[in-house]
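A structural walkthrough
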Amino acid sequence: MRACLDACVLFPTVLREILLGVASRGGFTPLWSDRILEEWARATIKLGPAAEAQARGEVALLRAKFPKASVVPKAGDLARLHLPDENDIHVLAAAIAGSADVIVTLNIKDFPRQTLSFEGVALEVPDAFLMGIWMERSEMVEAAVHEVYATAQKMIGEEIALRALLKRARLPRLGKALA
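Residues numbered from 1 in each chain as written. Predicted model: local features only at pLDDT ≥ 70, side-chain atom pairs only at ≥ 80, totals over all residues. Heavy atoms only, no water.

**A closer look at the packing of aromatic side chains**
Within this structure, the stated rule accounts for 2 aromatic pairs. Here the aromatic rings of Phe28 and Phe129 are separated by 4.9 Å at their centres, their planes lie at 80°, and the arrangement is edge-to-face. Of this pair, Phe28 sits in the loop between helix H2 (13-24) and strand E2 (29-31) while Phe129 is found in helix H8 (residues 126-136), placing the two residues 101 residues apart along the sequence. Summarising the burial analysis for this pair, Phe28 and Phe129 share the class buried. (Phe/Tyr/Trp six-rings, centres within 6.5 Å; stacked < 30°, edge-to-face > 60°. Helix = DSSP H or I, 4+ residues; strand = E, 2+ residues; numbered from the N terminus. Buried < 20%, exposed > 50% of the residue type's maximum accessible area, 1.4 Å probe, protein only.)

**Here we look at the sheet that holds strand E3 (residues 102-104)**
Ordered in space as E2-E1-E3-E4, the 4 strands form an open sheet in which the pairing is parallel. The outermost strands of the open sheet, each flanked by one partner alone, are E2 and strand E4 (122-124). Averaged over neighbouring strand pairs, the angle between their axes works out to 30° when direction is ignored. One ladder, built from 3 bridges, connects strand E1 (residues 2-5) with E3; its direction is parallel. Considered in E3, the bridge of Cys4 is made with Ile103. (Pairing = 2+ DSSP bridges. Axes fitted to C-alpha atoms, helices over the stretch in contact; angles between N-to-C directions.)

**Overview of the pattern of salt bridges**
Taken as a whole, this structure holds 10 salt bridges when the rule is applied. We note a salt bridge from Arg56 to Glu38, for which the minimum N-O separation is 2.8 Å. Of the two residues, Arg56 is situated in helix H4 (residues 49-65) and Glu38 in helix H3 (residues 34-43); the sequence distance between them amounts to 18 residues. Its salt-bridge partner being Arg80, residue Asp77 comes within 3.1 Å of it at the nearest N-O pair. Taken together, the residues Asp77 and Arg80, both in helix H5 (residues 75-80) and 3 residues apart, mark about one turn of the helix. (Salt bridge = Lys/Arg side-chain N within 4 Å of Asp/Glu carboxyl O.)

**Comments concerning the packing of H8 against helix H9 (residues 138-156)**
Packed helix pairs are characterised by how far apart their axes lie and by the angle those axes make with each other. Running from amino to carboxyl end, H8 crosses H9 at an angle of 125°, the nearest separation of the two axes being 5 Å. Classed by the angle they form, the pair H8 and H9 counts as oblique. Contact residues: Leu130, Ile133, Trp134 and Glu136 in H8; Ser138, Met140, Val141 and Glu142 in H9. Of the residues assigned to the contact of H8 with H9, the class counts are 5 nonpolar, 1 polar and 2 charged. (Parallel < 35°, antiparallel > 145°, perpendicular 65-115°, else oblique. Contact = heavy atoms within 4.5 Å. Nonpolar A, V, L, I, M, F, W, Y, C, P; charged D, E, K, R; others polar.)

**Some points on H4**
Count 3.6 residues to each turn of an α-helix, and residues three or four apart come out pointing the same way. For H4, spanning 17 residues, the distance from its first C-alpha to its last is 25 Å, which sits close to the expected 24 Å at 1.5 Å a residue. Regarding H4, the residues found buried are Ala51, Ala55, Glu58, Val59 and Leu62. Buried residues of H4, viewed axially, fall in a sector of 110°; they line one side. The outward face of H4, more than 90 degrees from its buried face, is lined by the exposed residues Pro49, Ala50, Ala53, Leu61 and Ala64. Buried residues belonging to H4 abut H2 and H3. (Expected span 1.5 Å × (residues − 1). Arc of directions from axis to C-beta.)

**Re the environment of Pro67**
Summarising the element assignment, Pro67 is placed in the loop between H4 and H5. Here the alpha-carbon distance between Pro67 and Glu158, two residues 91 residues apart in the chain, equals 35 Å.

**Brief notes about the nonpolar core**
Note that soluble globular proteins tend to have their nonpolar side chains buried in a common cluster. The biggest cluster of nonpolar side chains holds 61 residues, and the ones touching the most others in it are Cys4, Leu5, Phe28, Trp32, Ile103, Phe129 and Leu174. Beyond its immediate chain neighbours, meaning those up to four positions away, Leu174 contacts Asp127, Leu130, Met131, Trp134, Val141, Val145 and Leu166. (Core = buried A, V, L, I, M, F, W, Y, C linked by side-chain atoms within 4.5 Å.)

Below, the structure written as structure tokens:
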């Protein structure tokens, strides 16, 4: 399965790390464009200049870890596509360029299912996307989640409930399933 990851699922660290942990274990092939990665890096500015620098470093690491994930949207697709928010057209164009099966985003209102269906692309929020993979290959998702959970606890320096961490990462159904 090929999944185009929108910037809004790359910016929250826990969510990104779980998604990419599942991808690195073979759960799906991640896709993104340069613009999607740039949106992620720019979104971190609100956390301060150091956060943006860190995000740009993480972008470089992602490019090295997933060298085939970057796709280049075609100019023709960018010109012909229409979405309620024109700033999201590049995401659909990237999905088309990468022959994605699904766009994973939290921003579902700006991606009409009829338009995506016409292009042969599905739409899922991260919670549903990961639950679908978990139902088929639970050990893969659980391994990625527990790795991120252990790292988060070390960084926070205190005990945090797994379900609470996943709920905060916008993965409430997955949190309930793994709790």
